[in-house]
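# Structural characterization, general
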Amino acid sequence: MSTVAQVFKETARRMTHDLRHRSWIQNALGKYYVGRDEKKARFQNWQEARQAAAEIKWDAVNHLDKYLEQFVSKIEARGTKVFWASTGQQACDYIVGVAKKHRVRSIVKSKAMTGEEIHLAQALEKSGVEVVETDLGEYIVQLREEAPYHIVFPAMHLTRHEISDLFNKKLGSAPTDSPEELTMIARRTLRKKYCAADMGISGANFAIAETGMISLTTNEGNGRLSTSLPRIHVALIGIEKVLPTLDDLALFLPMLATAGAAQAVSCYNTFIAGPRQEREPDGPDEFHVVLLDNGRTRLLADAEQRDTLHCIRCGGCLNVCPIYKNIGGHSYATTYMGPIGSVLTPHMRGLTEWKHLSFASSLCGACTEACPVKIDLHHHLLQNRRNAIRCKSPWWEKLIFQGFVTLMNHPLLYRLGVKLGWFGQKFHGLVKGTKLDPVYAWTQSRELPPLARNSFKDYWRRKQS
Amino acid sequence: MQIGLFIPCLVDQFFPQAGLAVARILKRLGHSVEYPAEQTCCGQPAFNAGVRSEAAALAKRFIQVFDRFEAVVAPSGSCVAMVRNFYPELLDLAPHSSFITRVFEFSEFLVDRLNVTDLGATFNERVTYHDSCHLLRELRVREQPRQLLRAVKGLDFVELNDGPTCCGFGGVFSVKFPEVSTVMGEDKVAAIERTGARYVVASDCGCLMHIGGLLTRRDSKVRPIHLAELLGGAP
Ligand code: SF4
């Protein structure tokens, strides 16, 4: 087992014992379910909406070349500088370069998972630039120097009390239990940062090919401030974010809000089509769009798992995942956590080291059922498992399964095995629940029902004779 | 109808009564039921572990053994999901191949194929039903077991108010990640106990084994029971 896998197992195990954490998360998600179902009911037909969304995404992803070119030519025509980055490193270098060229000293950043994916903030900070996260949740985890806990709710694991303590320690604010007051504390600090920043960084929720604009969704208005106040705006966008037409947003904006945050539609939806144009009173002087591949074209080439590029990063699959709910977002140690993270990470960071995530699932399918764009998440976990065995599997695992198949293909051997099991069971009580117990992994927390004295096969044979 | 009975390993070894109940019910409805003794496993454990060539060997055997029947019935949503949803991929079969469309889970067979919901059973207890994930999400069987339960005389049916969420069994998952599996099961057991039911019914023995193992460990009064056993009554 690789160390990453060991750390995952150990952290997950520890988290299951954290009752406070488990009930906190389940409580929060309980409210989300109620809200999400209410909002789903506002669609004429949620299932048909999912199907339509999946078809639009299928079209977009399967004609990515065409739509990306269309997007780029439109947005360039308005003076946007577009950079195609094959790797995260290239994207970081380019953005650091832009910052250096313009002598940027401070950056305000609105939430962008692509930024997390390529460790953009770290790269910029290393070059001596200050980067401030402006999404409240992101700001909180940045102050705590930890990774986001969830792709949509980065600080959902923290109580008001913990946030108040953090602000008190880091910002010197007076302790408070009021969420409004906590928000105001962050806002007062962040407003100053917006005014002082030379550059704003954002992601994009969608990139519209037809009109050449990006669509940015936030609930705090921080996306708008980060992208329009500073003199330079850089948007870091995964190439899969493209949608064919503006009309598609009529479906995707409410869908993202519903699945992601149990809202009918998010509070601020901003479309950006270029830097400040002549005769326009505001907006940045320069607008850069960085189109990020970073492994996405590899997924595109994989017909079986191409649909993972449909993902709109709503976080809906995390919210329903019983594993995620119990082990929490940090156990994964990945950029994308929960079901979509378990599917994507082996592709992005290597199957051998990350395959354990594909096995850390009961294959219950709640994620697939929740996904608004109908990604076959749990079946992709099965495909990753197959690929893991194909490329490198421990010899003993192969042996066990060969043994299993031999047993199953020879009814007599199978019966013999069962009889041995039945005999062995008589002595099970001596070791049950101890480390000597061959089925300790089960019996440490659960009873094992006794093997029936007569199996079904025995009964049937007796009845026939 | 000529029905071939598929009895998955967990039923065979731990819950033979459930298998017997299926046979009894189908016979009572006037069908000929046969249990081909050479049957083994549908291949699901190997398939889920990613060991596909081994799974394919078992899948081929499964088809050989059961191909001669008009219908194949199994008291397990999980195994039927394996055949219906994964054999096509595994063996390169058409999803609507005539074999695959003849394999049924017990409750869907009764309700959808035979149009039977009332089996004339009586059960004077409060009962809740656990949706097994593969039955619910792979086979989309949700109403059928409920219809069968609601027709039972004396039975007080209460819904489990938990999502529906997985019980945490997940085959090898339960021993690869025992702690995670256990807390999932504990959430399930807590939801079951909140209903005040005396029995928790399910259509998959994996779930029953997991939920039952946790119930016994905490000395709960709630008993796990397979749907067929509840409907089939005493022999
Ligand atoms: S996989 Fe589906 S549910 Fe999960 S984040 Fe992506 S779009 Fe949302």
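Residues numbered from 1 in each chain as written. Chains lettered and ligands numbered in written order. Predicted model: local features only at pLDDT ≥ 70, side-chain atom pairs only at ≥ 80, totals over all residues. Heavy atoms only, no water.

## What about the interface of chain B and chain A?
With 61 residues of chain B at the interface, the matching set in chain A holds 60 residues. Summed over both partners, the interface of chain B with chain A comes to about 5,400 Å²; 64% of that surface belongs to carbon and sulfur atoms. For the chain B face of the interface with chain A, the top three residues by lost area are Gln13(B), Arg137(B) and Arg217(B), together amounting to 12%. The tally of links between chain B and chain A comes to 21 residue pairs in polar contact (both at pLDDT 80 or more). Per element, the largest residue contribution to the side of chain B that touches chain A is eight residues, and it comes from helix α10 (residues 178-194) of chain B. (Contact = heavy atoms within 4.5 Å. Buried area = accessible area lost by both parts, 1.4 Å probe. Polar contact = N/O pair within 3.5 Å; in protein donor to acceptor, adjacent residues only side chain to side chain. Helix = DSSP H or I, 4+ residues; strand = E, 2+ residues; numbered from the N terminus.)

## Considerations on the pattern of salt bridges
All names here are of chain A. Here the structure, examined in full by the defined rule, presents 30 salt bridges over all chains. Here Lys111 and Glu138 are joined by a salt bridge, their closest N and O atoms 3.2 Å apart. With a gap of 27 residues between them, Lys111 in the loop between β2 (106-109) and α6 (113-118) and Glu138 in helix α8 (residues 136-143) connect regions that are remote in the sequence. Note that Glu240 and Arg296 form a salt bridge whose closest N and O atoms lie 2.7 Å from each other. Here Glu240, found in the loop between β7 (232-238) and β8 (242-243), pairs with Arg296, found in helix α13 (residues 296-301); they are 56 residues apart in sequence, far enough to count as distant. Connected through salt bridges with shared partners, the residues Glu117, Glu240, Arg296 and Arg313 form a single ionic network. (Salt bridge = Lys/Arg side-chain N within 4 Å of Asp/Glu carboxyl O.)

## Thoughts on the domain arrangement of chain B
Residue and element names in this part refer to chain B. Domain annotation for chain B reports domain 1 (2-113) and domain 2 (126-230). Here domain 1 and domain 2 have C-alpha centroids that lie 21 Å from each other. The partner domain 2 presents 20 residues to the 26 residues of domain 1 that form the contact. Summed over both sides, the interface between domain 1 and domain 2 buries roughly 1,900 Å², with carbon and sulfur atoms accounting for 71% of that surface. Counting the surface domain 1 buries against domain 2, the share from its top three residues, Leu10, Phe15 and Val111, is 24%. Run the count over domain 1 and domain 2 and you get zero salt bridges. Breaking the side of domain 1 that touches domain 2 down by element, the ones donating at least two residues are α1 (9-14), α2 (16-28), α5 (77-91) and α6 (106-113). (Domains from an automatic or database assignment.)

## Some words on the sheet that holds β7(A)
Residues and elements named next belong to chain A. With parallel pairing, the six strands of this open sheet are ordered in space as β1-β10-β7-β4-β2-β3. What marks the edges here is a single partner per strand, and that holds for β1 (81-85) and β3 (130-133). Adjacent strand axes in the sheet meet at a mean angle of 20° when their direction is disregarded. Here four bridges tie β2 to β3, and the two strands are oriented parallel to one another. Paired with Ile107 across the two strands is Val131, which belongs to β3. Its contacts with the sheet put helix α10 (residues 179-196) on β2 and β3, and the angle it makes with β3 is roughly 135°. (Pairing = 2+ DSSP bridges. Axes fitted to C-alpha atoms, helices over the stretch in contact; angles between N-to-C directions.)

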